[in-house]
Amino acid sequence: MTRLEFFFEFASTYSYPAAMRIEALATQYEVDVTWTPFLLGPLFHEQQGLRDSPFNVVPEKGRYMWRDMERICATEELPFRRPKTFPQNGLLAARFAVSLLQRERSTFAKAVYRANFADGLDISDVAVLAELADLSIEDVTTRSEDSDTKQKLRENTERAKAYGIFGAPSFVTADQELFWGNDRIEQALAWACSAAERKTELA
């Protein structure tokens, strides 16, 4: 089946509507989506010398982004509430997400996005994550602190860097074509399908 890799960061505003839209769209296009959590912070620092979100560094960009999010969520009929803290620390959530199977991961990821951008919850709080995952705090902590889990998240971030990813959400097709942004989901899915057709023709 045609595949598309979805790189997402829990602190990313535009990853919220992307996470809520991608599964239904992927079903229409008959594309199998791989959910890949990664960390934008290290890439921002290395690529741009930033230690904060560009939306905070450039106030005009931030003001536009928040209004844009209001419009997007209204159009998609998604609840939206601007977090008290932005960006939130999504490290623990990303580590835990890595420990999950794909189907579990997508369900958990969507719950974290709702908690962050609709419910005003602190997604760095292990108790919040445990409730979202319907597990004990001990279970979430143990799985998040596992050395293999931490390494996998580092590898995801390094792969994102290798693909040239500089923001989230980002999508990478099987032929390593990169698409960036919530508004590029349909284009990424269409490219994934056409790439699979081209591969079949060449076989």
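Above this note sits the structure.
Residues numbered from 1 in each chain as written. Predicted model: local features only at pLDDT ≥ 70, side-chain atom pairs only at ≥ 80, totals over all residues. Heavy atoms only, no water.

1. Digging into the side chain of Ser144
When you line up the elements, Ser144 lands in helix H8 (residues 137-144). Those residues within four positions of Ser144 in sequence are excluded, and the remaining contacts are Leu92, Arg95, Phe96, Thr149 and Lys150. (Helix = DSSP H or I, 4+ residues; strand = E, 2+ residues; numbered from the N terminus. Contact = heavy atoms within 4.5 Å.)

2. Considerations on the sheet that holds strand E4 (residues 178-180)
As summarised here, the arrangement of the four strands in space is E2-E1-E3-E4, forming an open sheet in which the pairing is mixed. Edge positions in the open sheet fall to strand E2 (31-37) and E4, since each of these has one partner strand only. Going from strand to strand, the sheet's axes swing by 25° on average, the running direction of each strand aside. As defined by bridge partners, strand E3 (residues 170-173) adjoins E4 across three bridges and the pair is classed as antiparallel. Looking at E4, one finds that Phe171 is bridged to Phe179. Against the sheet, helix H6 (residues 102-117) contacts strand E1 (2-8) and E2, and its axis sits at roughly 60° relative to E2. (Pairing = 2+ DSSP bridges. Axes fitted to C-alpha atoms, helices over the stretch in contact; angles between N-to-C directions.)

3. Notes on the pairing of E3
Residue alternation in E3 divides its side chains into two sets, Ser170 and Val172 and Phe171 and Thr173, and both sets are buried. Of the strand pairs in this sheet, E1 and E3 are connected by four bridges, and their pairing is antiparallel. Bridge pairing in E3 links Phe7 to Ser170. (Buried < 20%, exposed > 50% of the residue type's maximum accessible area, 1.4 Å probe, protein only.)

4. Description of helix H9 (residues 147-163)
The end-to-end C-alpha distance of H9, which contains 17 residues, comes to 24 Å, matching closely the 24 Å that a straight helix rising 1.5 Å per residue would cover. Taken residue by residue, H9 has Thr149, Leu153, Asn156, Thr157 and Ala160 as its buried positions. The buried residues of H9 occupy an angular sector of 90° when projected down its axis, which confines them to one face. The exposed set on the far side of H9, more than 90 degrees from its buried face, consists of Ser147, Asp148 and Ala162. (Expected span 1.5 Å × (residues − 1). Arc of directions from axis to C-beta.)

5. Focus: unusual backbone geometry
Where the residue is not glycine, phi is negative for most of them; where a peptide bond is considered, it is trans in most cases. With an omega of -5°, the peptide bond between Phe86 and Pro87 qualifies as cis. Examined against the element boundaries, Pro87 turns out to sit in the loop between helix H4 (59-76) and helix H5 (91-98). The peptide bond linking Ala168 to Pro169 adopts the cis configuration, its omega dihedral lying at 0°. Tracing the backbone through its elements, the reader meets Pro169 in the loop between H9 and E3. With a phi close to 60°, Glu30 is a non-glycine residue in the positive phi region.

6. Things to note about the pattern of salt bridges
In the structure shown here, the tally under the stated rule is eleven salt bridges. Its salt-bridge partner being Asp32, residue Arg3 comes within 2.6 Å of it at the nearest N-O pair. Placement of Arg3 in strand E1 and of Asp32 in strand E2 is noted, with a sequence separation of 29 residues between them. Among the residues examined, Arg3 registers a relative accessible area of 41% and is labelled partly exposed. (Salt bridge = Lys/Arg side-chain N within 4 Å of Asp/Glu carboxyl O.)

7. Remarks on the pairing of E1
Taking burial as the measure, the seven residues of E1 include six buried ones, the bulk of the element. When E1 meets E2, the two strands line up parallel, connected through seven bridges. Note that in E2 the partner of Phe6 across the bridge is Trp35. Considered for its hand, the β-α-β crossover made up of E1, helix H1 (residues 15-29) and E2 is right-handed. (Right-handed = clockwise from strand over helix to strand, strands pointing away.)

8. As for the packing of aromatic side chains
A complete count under the given rule lists 18 aromatic pairs for this structure. Grouping aromatic residues by their ring pairs yields a cluster made of Phe6, Phe8, Phe10, Tyr16, Trp35, Phe96, Phe108, Tyr113, Phe117 and Phe171. (Phe/Tyr/Trp six-rings, centres within 6.5 Å; stacked < 30°, edge-to-face > 60°.)

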